[in-house]
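A closer look at the structure
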Amino acid sequence: MTSAPRRRHHAAPPREDVLAAAMAAIADRGLDGLTMAALGRDVGMSSGHLLYYFRTKDELLLQTLEWSENRLGLERRALLARTGTVRRRLDAYIALYLPAGHRDPHWTLWLEVWGRSQNADDEGRARQAAIEGAWHRDLVALVAEGIARGEFRAVDADRFATRLRALLDGFSVHVTVGVPGTGRARVLEQTAEYVDETLAPGA
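Definitions and limits used
- Residues numbered from 1 in each chain as written.
- Predicted model: local features only at pLDDT ≥ 70, side-chain atom pairs only at ≥ 80, totals over all residues.
- Heavy atoms only, no water.
- Helix = DSSP H or I, 4+ residues; strand = E, 2+ residues; numbered from the N terminus.
- Buried < 20%, exposed > 50% of the residue type's maximum accessible area, 1.4 Å probe, protein only.
- Contact = heavy atoms within 4.5 Å.
- Areas by Shrake-Rupley, 256 points an atom, 1.4 Å probe, with all protein chains shown as cover.
- Phe/Tyr/Trp six-rings, centres within 6.5 Å; stacked < 30°, edge-to-face > 60°.

Okay, the overall build of the chain next. When helices and strands are tallied, the chain shows 9 helices and 0 strands. Put simply, the chain runs from its N terminus to its C terminus through helices and strands in the order α-α-α-α-α-α-α-α-α. Dimensions of the chain, computed from the C-alpha atoms along their principal axes, are close to 90 × 35 × 30 Å. Looking at the chain residue by residue over its 203 residues, the buried ones come to 40%. A separation threshold of at least 6 residues defines the contact pool for the chain, and within that pool the share at least 24 residues apart is 70%. Surface accessibility of the chain: about 11600 Å² in total, with carbon and sulfur atoms responsible for 52%.

So, in structure tokens, the structure goes:
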């Protein structure tokens, strides 16, 4: 008598691989193309298996955003550690903050998570705030360093950072959705003008 064939159990891919695949799906197909079924096919898992790990699509989106932000955080810390003028590092920070262009996948995801946050629980809101807080703290420290070195005029660094990030957020929405006349190059130019007007000594 021949023995029954053994079932093969396929191990689930690492969570980071799933999140990377989710971001790739957003880049390739947009948010409408990021379904549990489609993502499951991409990573060789069933949609039910994905729901076991992430519970809801909202959680999948938030974890994908956190994964993407962690990668950006490494890049941001590296550019802030560069030598050279503070203004050059501030320009690099702004360039990293802004979307690469229309339908930038990271910003597309951010806008979706923001939209869904109206119904988020306290934990979800706290996790989003942690992402915002990391960008804010780095910007405050950068502006304060520029003031201490005499490159920037004396301003309230925290207040300035809040206003600059609000400006960057507004511009980023326009670039991501493709508002005419607000391409990345134009936004970088206008942001540089704002920084000159508000931070240049003697401005």
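What follows concerns unusual backbone geometry. Despite not being glycine, arginine 55 shows a phi value in the positive range, around 70°. Mapped onto the fold, arginine 55 is located in the loop between helix H3 (47-54) and helix H4 (57-80). Classification of arginine 55 by relative accessible area gives exposed; the value is 57%. Of note, arginine 103 is a non-glycine position whose phi angle comes to about 65°, a positive value. Considering the arrangement of structural elements, one finds arginine 103 in the loop between helix H5 (86-97) and helix H6 (105-116). Residue classification places arginine 103 among the exposed positions, given a relative accessible area of 64%.

The next subject is the environment of leucine 50. For leucine 50, the location among the structural elements is in helix H3. With 17 residues separating them in the primary sequence, leucine 50 and glycine 33 have C-alpha atoms 16 Å apart. Leave out the neighbours within four places in its chain, and leucine 50 touches Val18, Met36, Leu39, Gly40, Met45 and Arg55.

Checked against the element boundaries, threonine 191 lands in helix H9 (residues 184-199). Of the residues examined, threonine 191 reaches a relative accessible area of 1% and is grouped as buried. If we skip the residues at most four places from it in the chain, threonine 191 touches Ile94, Leu164, Leu168 and Phe171.

A few words now on the packing of aromatic side chains. Two descriptors summarise a pair of aromatic rings, namely the distance from one centre to the other and the angle between the planes of the rings. All chains considered together, the criterion is met by 8 aromatic pairs. Arranged with centres 4.9 Å apart and planes meeting at 70°, the rings of tyrosine 97 and tryptophan 135 form a pair that is edge-to-face. Of this pair, tyrosine 97 sits in helix H5 while tryptophan 135 sits in helix H7 (residues 122-148), and the two are 38 residues apart along the sequence. By relative accessible area, tyrosine 97 is classed as buried at 6%. Among the residues examined, tryptophan 135 registers a relative accessible area of 6% and is labelled buried. Note on tryptophan 107 and tryptophan 114: the rings are 5.8 Å apart at their centroids and 65° apart in plane angle, and the pair reads as edge-to-face.

All quantities given are derived from atomic positions and should not be read as evidence of function.
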